Amino acid sequence: MSYFFFLFICVIWGASFILMDRALQAMGPIAVGLGRLIGGSIVVGLYCLVTRKWARLSRSDWMHIGVVAVLANSLPFAMQPYVMAQADEHAYFGLMVALVPIATILISIPMLSVHPTSRQLVGVLGGLACMGLIVSDGQQRGISTLHLLMALSVPVAYAIGNTYIKWKLDHVPTATLTLMTLLTGAAVLAPLQWAPGALEALGLSGPAEPQNVALAWSSLAVLSVLGTGVAILMFIHLIKTEGPLFAGMVTYVVPMMALVWGGYDKEKLTTTEIVGVAGTLAMVALVQWRSATTVVDEVKV
């Protein structure tokens, strides 16, 4: 079942960037992020009602859930569509998720007291160098340094949030944890969405003349139901049962699918991008291969 979940997540998250691009044709980035969180909460909430999977949370659990909600939900769900709208690209930013396993290795040192081996350290440094190529390519495309840094904050936030779950919330059942982080993430973004003056001042308003409204809303629906509710429920299950590194291996597939969708949209694909993402994924393979093999052996046993 873990491998089925893994494949499903790769497929839906690989397409999430073009779906966000379509949703942005009629709404702003905060609306896209908030819509995903609300829709995902409804899906997971219905799952909890049907299966009656509830758990009592302590005060400290709520504090930790707030940290995860901001880092793994509110921030990336708003940041990704924002930088995509500013650069008018989606496939390029799909490549950024390749940094998640590399960042996870670094974050796991203080959080989980897991120190990298020499092989992993080489992979981390090599992966960062390859990501430097991708960032350099973005600068050559005319993407501002600020927007590139904002885009890079997304995989780092994901890595911290994913590792934090294993560190502080491993005892909370998956369904309850997923629902509460989604609801809390939505509560963080909702006040901003209901303040049009603030949205305009921050450049987060939707397009002045919305286009393809039906397509935008249907894309958001798929993002909410499948890409958020179902996929995050599966992803947290993988983190809790297989560990954050195994779950982070979805980054092998997601950037490739993002590039395929970018090609479908006739977005520019450069040699630097290809070399950068190929090198990053090779470094990810270097740091994760033994961990993945161990997990497979344990599953077979």
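Residues numbered from 1 in each chain as written. Predicted model: local features only at pLDDT ≥ 70, side-chain atom pairs only at ≥ 80, totals over all residues. Heavy atoms only, no water.

### Some details on the overall build of the protein chain
Which entries qualify depends on this criterion: Numbering of helices and strands starts at the N terminus; helices are DSSP runs of H or I of at least 4 residues and strands are runs of E of at least 2. In this setup the radius of gyration rests on C-alpha atoms only. A globule is expected at 2.2 Å times the number of residues raised to 0.38. Burial classification: accessible surface area is computed with a 1.4 Å probe over protein chains only, and a residue below 20% of its type maximum counts as buried, one above 50% as exposed, and the rest as partly exposed. The contact rule is simple, with two residues in contact once any of their heavy atoms fall within 4.5 Å. Each accessible area value is a Shrake-Rupley result obtained with a 1.4 Å probe; residue values ignore everything except the protein chains displayed when judging cover. Counted as positive: Lys and Arg. Counted as negative: Asp and Glu. His and the chain ends are not counted at all. Charge coordinates come from a single atom per side chain, which is NZ of Lys, CZ of Arg, CG of Asp or CD of Glu.
A count of helices and strands for the protein chain gives 14 helices and 0 strands. Shown N-terminal to C-terminal, the secondary structure of the protein chain runs as helices and strands in the order α-α-α-α-α-α-α-α-α-α-α-α-α-α. In terms of overall dimensions, the protein chain is globule-like: its C-alpha atoms have a radius of gyration of 18 Å, near the 19 Å expected for 301 residues. Across its three principal directions, the C-alpha atoms of the protein chain cover 55 × 50 × 30 Å. Looking at the protein chain residue by residue over its 301 residues, the buried ones come to 54%. Sequence separation of 24 or more characterises 89% of the internal contacts of the protein chain that already satisfy a separation of 6 or more. Element-wise, carbon and sulfur atoms account for 69% of the exposed surface of the protein chain, whose accessible area totals about 13,300 Å². When the 15 basic and 14 acidic side-chain charges of the protein chain are each reduced to a single mean position, those positions are 12 Å apart.

### Examining a nonpolar patch on the surface
Note the cut-off: Any residue with relative accessible area above 30% and no salt bridge may belong to a patch, with like charges joined within 9 Å and the nonpolar Val, Leu, Ile, Met, Phe, Trp and Tyr side chains within 5 Å. A side-chain nitrogen of Lys or Arg and a carboxyl oxygen of Asp or Glu constitute a salt bridge if their distance falls within 4 Å.
A cluster of nonpolar residues, I38, I42, L46, L49 and W54, forms a patch on the protein surface that exposes about 540 Å² of accessible area. Along the chain, W54 turns up in the loop between α3 (29-51) and α4 (59-87).

### Details of empty space enclosed by the protein
Stated formally: The method works on a 1 Å grid over the protein atoms by themselves. A cavity is a set of points holding a 1.4 Å probe that cannot get out, a pocket is an open set with protein on both sides within 12 Å along at least five of seven lines, and residues with an atom within 4 Å of a point line them. Grid points are joined across faces, edges and corners, and a volume is the space filled by probe spheres set on the points. In this count, Pro and Cys sit with the nonpolar residues alongside Ala, Val, Leu, Ile, Met, Phe, Trp and Tyr, while Asp, Glu, Lys and Arg are called charged and the others, Gly among them, polar.
Applying the stated rule across the entire model yields 2 cavities of 30 Å³ or more. In this structure, the largest cavity encloses a volume near 370 Å³. Within the residue set of the lining of the largest cavity, elements represented by two or more residues are α2 (16-23), α4, α8 (145-168) and α11 (213-242). Among the elements that take part in the lining of the largest cavity, α4 stands out by supplying 5 residues, more than any other. Class assignment for the residues of the lining of the largest cavity results in 15 nonpolar, 8 polar and 1 charged. In this structure, the second largest cavity occupies an estimated 50 Å³ of space. Taken together, Q80, V83, F93, M96, V97, A151 and V154 make up the full set of residues lining the second largest cavity. Of all the secondary-structure elements, those providing two or more residues to the lining of the second largest cavity are α4 and α8.

### Side note on the layout of surface pockets
Considering only enclosed or pocket space, the second largest pocket measures out at about 190 Å³ in volume. Around the second largest pocket, the lining residues are F5, Y47, K53, P173, T174, A175, T176, V230, L233, M234 and H237. Looking at the lining of the second largest pocket, the elements with two or more residues in it are α9 (174-193) and α11. In terms of residue count, α11 provides more of the lining of the second largest pocket than any other element does, 4 residues in total. A breakdown of the residues in the lining of the second largest pocket according to their chemical character gives 7 nonpolar, 3 polar and 1 charged.

### Re the environment of A157
Positionally, A157 belongs in helix α8. Taking relative accessible area as the criterion, A157 reaches 4% and is therefore assigned buried. Along the sequence, A157 and R119 sit 38 residues apart, while their C-alpha atoms lie 24 Å from each other. When sequence neighbours within four positions are dropped, the list of residues in contact with A157 reads L71 and L75.

### A word on the packing of α3 against α9
For clarity, the cut-off: Lines fitted to C-alpha atoms define the axes here, with helix axes fitted over just the stretch in contact, and angles between the N-to-C directions of these axes take values from 0 to 180 degrees. An angle counts as roughly parallel when it lies under 35 degrees, as roughly antiparallel when it exceeds 145, as roughly perpendicular when it falls between 65 and 115, and as oblique in every other case. Each crossing gets its hand from how the near helix is turned against the far one by less than a right angle, where anticlockwise is left-handed and clockwise is right-handed.
Direction vectors running N to C along α3 and α9 enclose 150°, while the axes themselves pass 8 Å from each other. As far as their axial angle goes, α9 and α3 are roughly antiparallel. Between α3 and α9 the crossing geometry is left-handed. Contacts between α3 and α9 involve I30, A31, G33, L34, L37, I38, G40, S41, V44, G45, Y47 and C48 on the former and, on the latter, A175, T176, T178, L179, L182, L183, G185, A186, L189, A190, L192 and Q193. Classifying every residue of the contact of α3 with α9 by side-chain character gives 16 nonpolar, 8 polar and no charged.

### A word on the nonpolar core
As a reminder, the rule being used: Working definition of a nonpolar core: buried Ala, Val, Leu, Ile, Met, Phe, Trp, Tyr and Cys residues. They are joined through side-chain atoms within 4.5 Å.
Formed by 90 residues in total, the largest nonpolar core has its most connected members in I9, W13 and V250. For this core, the element with the most residues is α11, which contributes 11 residues. Those residues within four positions of V250 in sequence are excluded, and the remaining contacts are F6, I9, C10, W13 and F235.

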